[in-house]
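Close look at the chain arrangement
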Amino acid sequence: MALREILIIGHPILTEKAEPVAVIDEEIVRLARDMVETVHAAPGLGLAAPQVGAGKRIIVVDLSVGQDTEALHVLVNPEIAAKEGESVCEEGCLSVPEVREKVARPYRVKVRGLDLEGRPVEVEGEDLLARVLCHEIDHLDGILFVEKLSALKRALIKKKFKKAAADAKKA
Ligand code: NI
């Protein structure tokens, strides 16, 4: 397994729709395992394949950050099958470092997808788990959480990272 670089807001892959995984081959398994290692090392609660530069519909979610194997969900081609309620809470994203803003998400979701053996799996989550599942699935559609903020807040955040990227290029 290997750590992968996490792309930062402004990278075009982050705003593209990811492709469904047609065959779960060795490369996909390696990608998913690298994503698990990368999100644990970050540390973060979830990661979507586009964040490491792969336009594939794969997410990993682990609220325990590596402490509890039962809490780790690796989902291929995940889809929200049902959602209920609403919760407004602060969230952040490894691709938008040091920014936390309040975002409305469903309180409870049921997500269907495949595991790395290609077996159908269903994950039901509420509160934080529902939030992270929705956040990661949004990434697969090229949607960052900043898209859910006011136009003003979004513009300020994008400006901040544009300046950071320009400064990094100069250095
Ligand atoms: Ni994110």
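These notes cover the structure that comes with them. If you're wondering where the values come from, they're calculated on a predicted model, not measured in any experiment. (Residues numbered from 1 in each chain as written. Predicted model: local features only at pLDDT ≥ 70, side-chain atom pairs only at ≥ 80, totals over all residues. Heavy atoms only, no water.)

**Quick look at the sheet that holds strand β2 (residues 58–62)**
Applied cut-off: Strand pairing requires that DSSP identify at least two bridges connecting the strands. Each helix is a run of H or I in the DSSP string that is no shorter than four residues. Each strand is a run of E no shorter than two, and both are numbered from the N terminus. Axis geometry follows a simple rule: fit a line to the C-alpha atoms, using only the stretch in contact for helices, then measure angles between N-to-C directions, giving values from 0 to 180 degrees.
Strand order in the open sheet made by the 5 strands is β1-β2-β3-β6-β7, with antiparallel pairing throughout. This sheet does not close on itself; its edge strands, each paired only once, are β1 (46–48) and β7 (120–126). When strand polarity is set aside, the average angle formed by the axes of neighbouring strands in this sheet is 40 degrees. Relative to β2, β1 runs antiparallel, the two being bridged by 3 bridges.

**Overview of the coordination of the nickel ion**
The following threshold applies: Donor atoms are limited to N, O and S found within 2.8 Å of the metal ion, a distance that becomes 3.2 Å for Na, K and Ca. With water left out, some sites might look partial. Summary of the burial criterion: residues with accessible area below 20% of their type's maximum are buried, those above 50% are exposed, and those between are partly exposed, where the area comes from a 1.4 Å probe applied to protein chains only.
Coordination of the nickel ion by the protein is provided by C93 (SG), H135 (NE2) and H139 (NE2), with metal-donor distances spanning 2.0 to 2.2 Å. Of note, the donors binding the nickel ion are all from one chain and are spaced C-x41-H-x3-H. With H135 and H139 both in helix α2 (residues 128–140) and 4 residues apart, this pair spans about one turn of that helix. Note on H139: relative accessible area 1%, which makes it buried.

**A short note on a nonpolar patch on the surface**
Rules: Nonpolar side chains (Val, Leu, Ile, Met, Phe, Trp, Tyr) are joined into patches within 5 Å and like charges within 9 Å, using only residues with over 30% relative accessible area and no salt bridge. The protein chains shown are the only cover counted for residues, whose accessible areas, like all others here, come from Shrake-Rupley with a 1.4 Å probe. Here, a salt bridge means any side-chain nitrogen of Lys or Arg that lies within 4 Å of a carboxyl oxygen of Asp or Glu.
Taken together, the side chains of L45, L63 and L128 define a hydrophobic patch exposed on the protein surface, amounting to about 210 Å² of accessible area. By secondary structure assignment, the location of L63 is in the loop between β2 and β3 (72–84). For L63, a relative accessible area of 33% puts it in the partly exposed group.

**Re the pairing of β7**
Here 7 bridges tie strand β6 (residues 108–114) to β7, and the two strands are oriented antiparallel to one another. Bridged to G113 within β7 is V121. Counted along the chain from β6 to the antiparallel partner β7, the turn is 5 residues long, and its residue G118 has a positive phi close to 85 degrees.

**Remarks on the layout of surface pockets**
A water-sized probe, rolled over the atoms, reveals where empty space remains. Defined as follows: Grid spacing is 1 Å over the protein atoms alone, the probe is 1.4 Å, and a cavity is where that probe fits but cannot get out, while a pocket is an open set with protein on both sides within 12 Å along at least five of seven lines and lining residues have an atom within 4 Å of a point. Grid points are joined across faces, edges and corners, and a volume is the space filled by probe spheres set on the points.
Its volume calculated, the largest pocket comes out at about 440 Å³. In this structure, the largest pocket is lined by 23 residues; those nearest its centre are L45, E91, G92, C93 and R100. Listed by contribution, the elements that provide at least two residues to the lining of the largest pocket are β4 (87–93), β5 (96–105) and α2. Considering each element in turn, the lining of the largest pocket owes the most residues, 6 residues, to α2.

**Re unusual backbone geometry**
Put simply, A42 and P43 share a cis peptide bond, and its omega is -10 degrees. Locating P43 in the fold gives a position in the loop between α1 (26–41) and β1. Here the phi dihedral of V65 falls at roughly 45 degrees; this positive angle occurs in a residue that is not glycine. Secondary-structure assignment places V65 in the loop between β2 and β3.

**Some remarks on α2**
Rules: Take the residue count of a helix, subtract one, and multiply by 1.5 Å to get its expected span.
Between its first and last C-alpha atoms α2 spans 19 Å; for 13 residues at 1.5 Å apiece the expected length is 18 Å, and the two agree. Residues of α2 that are buried include every one of L129, A130, R131, V132, L133, C134, H135, E136, I137, D138, H139 and L140, and no others.

**Quick notes on the environment of K17**
Where we set the bar: When checking whether two residues touch, look at their non-hydrogen atoms; a contact exists if any pair is within 4.5 Å. Polar contact is the term for a pair of N or O atoms within 3.5 Å; when the atoms are in protein, one must be able to donate a hydrogen and the other to accept it, and sequence-neighboring residues count only if both atoms are side-chain atoms.
For K17, the position within the fold is in the segment before α1. Using a relative accessible area of 61% as the deciding quantity, one classes K17 as exposed. Note: C-alpha distance between K17 and G55 (38 residues apart in sequence) is 7.3 Å. If we skip the residues at most four places from it in the chain, K17 touches R57, L140, D141 and G142. A polar contact of 3.0 Å, which involves the side chain of K17, links it to the side chain of D141.

**Remarks on the pattern of salt bridges**
The final tally for this structure, using the stated rule, is 19 salt bridges. We note a salt bridge from R131 to E91, for which the minimum N-O separation is 2.7 Å. With R131 in helix α2 and E91 in strand β4, the pair connects residues that are 40 residues apart, well separated along the chain. A salt bridge links D115 to R119, with the nearest nitrogen and oxygen atoms 2.9 Å apart.

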